[in-house]
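# Structural characterization, general
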Amino acid sequence: MEEWFEKQRREMLRIIEKFTPEDGTHDTEVPGLRLIRSSRLSEPVYSVYEPSLCVVAQGSKVVMLGQEVYRYDPSSYLTASVHLPITGQVVEASKEAPYLSLQILFDMSQILDVIQASGDVIRPGNETSRGLKVSRVSDTLLDAVLRFLKLVETPRDIPVLAPYAMREIIYRVLQNENSASLMQFAVVGSHAQRIAGVVEKLNREFAQPLRVDELAAEARMSASSLYDYFKEVTGMSPIQFQKQIRLQEARRLLLSGSIDAAEAAFQVGYESPSHFSREYARMFGMPPIRDVRRLRSSMV
């Protein structure tokens, strides 16, 4: 069985290497499929994970959500059930053996469709858990992922076969022992699905003032319940979540080179540029201008 697993992994390795001629994230013609390559260890990279499945063919990566650390490698995979601000870092890679992985994006309607097709009856419940999980890769899941990946080599098959391959991947993920919470995120009326709605709103309206009472009313929860369930899903409070989203967006704006730090602060919702600079330095290790100068220098 180990020999079979290694053979599948090497085939994944071959295809990802073929379609990632240089370091970075590469979109493919297969809907929802991205390929990632890094030939060196990376600095912490701040981003927002979309609902997705991440599988590693070679190397290893660490993801931080709040104060929690998740590590995954070829023997494991990571699932994100909601949009989450994370810090990612490649911790095992070299020019000779680059970090190679793939990300498969999905949405909750696809999960609900598979649940209904399987005949399972999942009722709205109070179950909530982290929106980020690392699980062991099963043989059946690896096989399904490889079939999905192979479609990049046969583009004419994509329109017909990609939807079926995606359904099988979701089905295999749902068979995992950690899948109960993922199911709840797809079920209308569940606590997990309501929190997912709050997460989406904060991602969309991060520059607006945070009003927990209004969010709680929209989620049909008390303010204290919203706080508890939100922290259970995201690993942080609503205000901490909003702060990370705001600061990541401000950093992106500054790197674009079109505005200064004060304007970036106002655009992401800060009323005080000095307050913004302090929080920016606390998150990224240095004030905005110095941080952006360092990042641009490293890019060059």
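Coordinates for the structure precede this section.
All values derive from a computational prediction rather than experimental measurement.

Here is what the cut-offs are and how they apply
- Residues numbered from 1 in each chain as written.
- Predicted model: local features only at pLDDT ≥ 70, side-chain atom pairs only at ≥ 80, totals over all residues.
- Heavy atoms only, no water.
- Helix = DSSP H or I, 4+ residues; strand = E, 2+ residues; numbered from the N terminus.
- Rg over C-alpha atoms; globule rule 2.2 N^0.38 Å.
- Buried < 20%, exposed > 50% of the residue type's maximum accessible area, 1.4 Å probe, protein only.
- Contact = heavy atoms within 4.5 Å.
- Areas by Shrake-Rupley, 256 points an atom, 1.4 Å probe, with all protein chains shown as cover.
- Pairing = 2+ DSSP bridges.
- Axes fitted to C-alpha atoms, helices over the stretch in contact; angles between N-to-C directions.
- Phe/Tyr/Trp six-rings, centres within 6.5 Å; stacked < 30°, edge-to-face > 60°.
- Core = buried A, V, L, I, M, F, W, Y, C linked by side-chain atoms within 4.5 Å.
- Lys, Arg positive; Asp, Glu negative; His and termini not counted.
- Salt bridge = Lys/Arg side-chain N within 4 Å of Asp/Glu carboxyl O.
- Polar contact = N/O pair within 3.5 Å; in protein donor to acceptor, adjacent residues only side chain to side chain.
- Parallel < 35°, antiparallel > 145°, perpendicular 65-115°, else oblique.
- Left-handed = near helix turned anticlockwise from the far one by under 90°.
- Nonpolar A, V, L, I, M, F, W, Y, C, P; charged D, E, K, R; others polar.

### Structural notes on the overall build of the protein
For the protein, the count of helices and strands is 12 helices and 10 strands. The C-alpha radius of gyration computed for the protein amounts to 20 Å, which stays within 12% of the reference 19 Å derived for 300 residues, consistent with globular compactness. Each principal axis of the C-alpha atoms in the protein carries an extent, and together these give about 55 × 50 × 35 Å. Residue burial in the protein is summarised as follows: out of 300 residues, 49% are buried. Contacts in the protein between residues far apart in sequence, at least 24 positions, make up 74% of those at least 6 positions apart. Just so you have it, the protein exposes about 15000 Å², and 50% of that area is on carbon and sulfur atoms.

### Here we look at unusual backbone geometry
Phi is positive for R220, which is not a glycine, with a value near 55°. Tracing the backbone through its elements, the reader meets R220 in the loop between helix 7 (212-218) and helix 8 (223-234). Judged by its relative accessible area of 56%, R220 falls in the exposed class.

### Looking at the sheet that holds strand 4 (residues 52-58)
Sheet strands pair via backbone hydrogen bonds, and the direction of the pair is either parallel or antiparallel. Pairing in this open sheet of 6 strands is antiparallel, and the strands run 1-2-9-4-7-10 from one edge to the other. Edge positions in the sheet fall to strand 1 (24-27) and strand 10 (132-136), since each has one partner strand and no second. When strand polarity is set aside, the average angle formed by the axes of neighbouring strands in this sheet is 25°. Of the strand pairs in this sheet, strand 2 (residues 33-38) and strand 9 (residues 99-105) are connected by 6 bridges, and their pairing is antiparallel. Along strand 9, the bridge assignment pairs L33 with I104. Most of the contacts of helix 1 (residues 2-18) go to strand 4, to which it runs at about 100°, and overall it touches strand 2, strand 4 and strand 9. The sheet strands contacting helix 4 (residues 158-174) are strand 4, strand 7 (76-80) and strand 9, and the helix crosses strand 9 at an angle near 100°.

### Quick word on the pairing of strand 4
Most of strand 4 is tucked away: 7 of the 7 residues are buried. In the sheet, strand 4 pairs with strand 7 via 4 bridges, with the strands oriented antiparallel. If you follow V55 over to strand 7, its bridge partner there is Y77. Inspection of the sheet shows strand 4 paired to strand 9 by 6 bridges, in the antiparallel sense. In the strand pairing of strand 9, C54 is matched with Q103.

### Comments concerning the packing of aromatic side chains
Within this structure, the stated rule accounts for 5 aromatic pairs. Here F230 and F241 contribute two aromatic rings whose centre-to-centre distance is 5.4 Å and whose plane-to-plane angle is 85°, an arrangement assigned as edge-to-face. Taken together, the positions of F230 in helix 8 and F241 in helix 9 (residues 238-256) put the pair 11 residues apart, joining distant regions of the chain. Judged by its relative accessible area of 0%, F241 falls in the buried class. By the ring-pair criterion, three or more aromatic residues cluster together here, those being Y46, Y270, F276, Y280 and F284.

### Examining the nonpolar core
The biggest cluster of nonpolar side chains holds 92 residues, and the ones touching the most others in it are L102, L132 and F148. Apart from residues no more than four positions distant in its own chain, L132 is found in contact with Y49, V63, L65, Y70, L78, T79, A80, L84 and I86.

### Observations regarding the side chain of R246
Here R246 lies in helix 9. The buried charged residue R246 lacks any salt bridge partner; its closest oppositely charged side chain belongs to E279, at an N-O distance of 6.7 Å. Within the local environment of R246, its side chain forms a polar contact with the backbone oxygen of F206, the two atoms lying 2.7 Å apart. Ignoring sequence-local partners within four residues, the contact set of R246 consists of F206, A207, Q208, P209, V268, G269 and Y270.

### Description of the packing of helix 6 (residues 191-204) against helix 9
Packed helices, taken two at a time, are described by the angle their axes make and the gap between the axes. Their axes nearest at 9 Å, the elements helix 6 and helix 9 cross at an angle of 40°. When the interaxial angle is binned, helix 6 and helix 9 end up oblique. Relative to helix 9, helix 6 is oriented so that their crossing is right-handed. Across the interface between the two elements, V199, L202 and N203 from helix 6 touch P238, F241 and I245 from helix 9. Classifying every residue of the contact of helix 6 with helix 9 by side-chain character gives 5 nonpolar, 1 polar and no charged.

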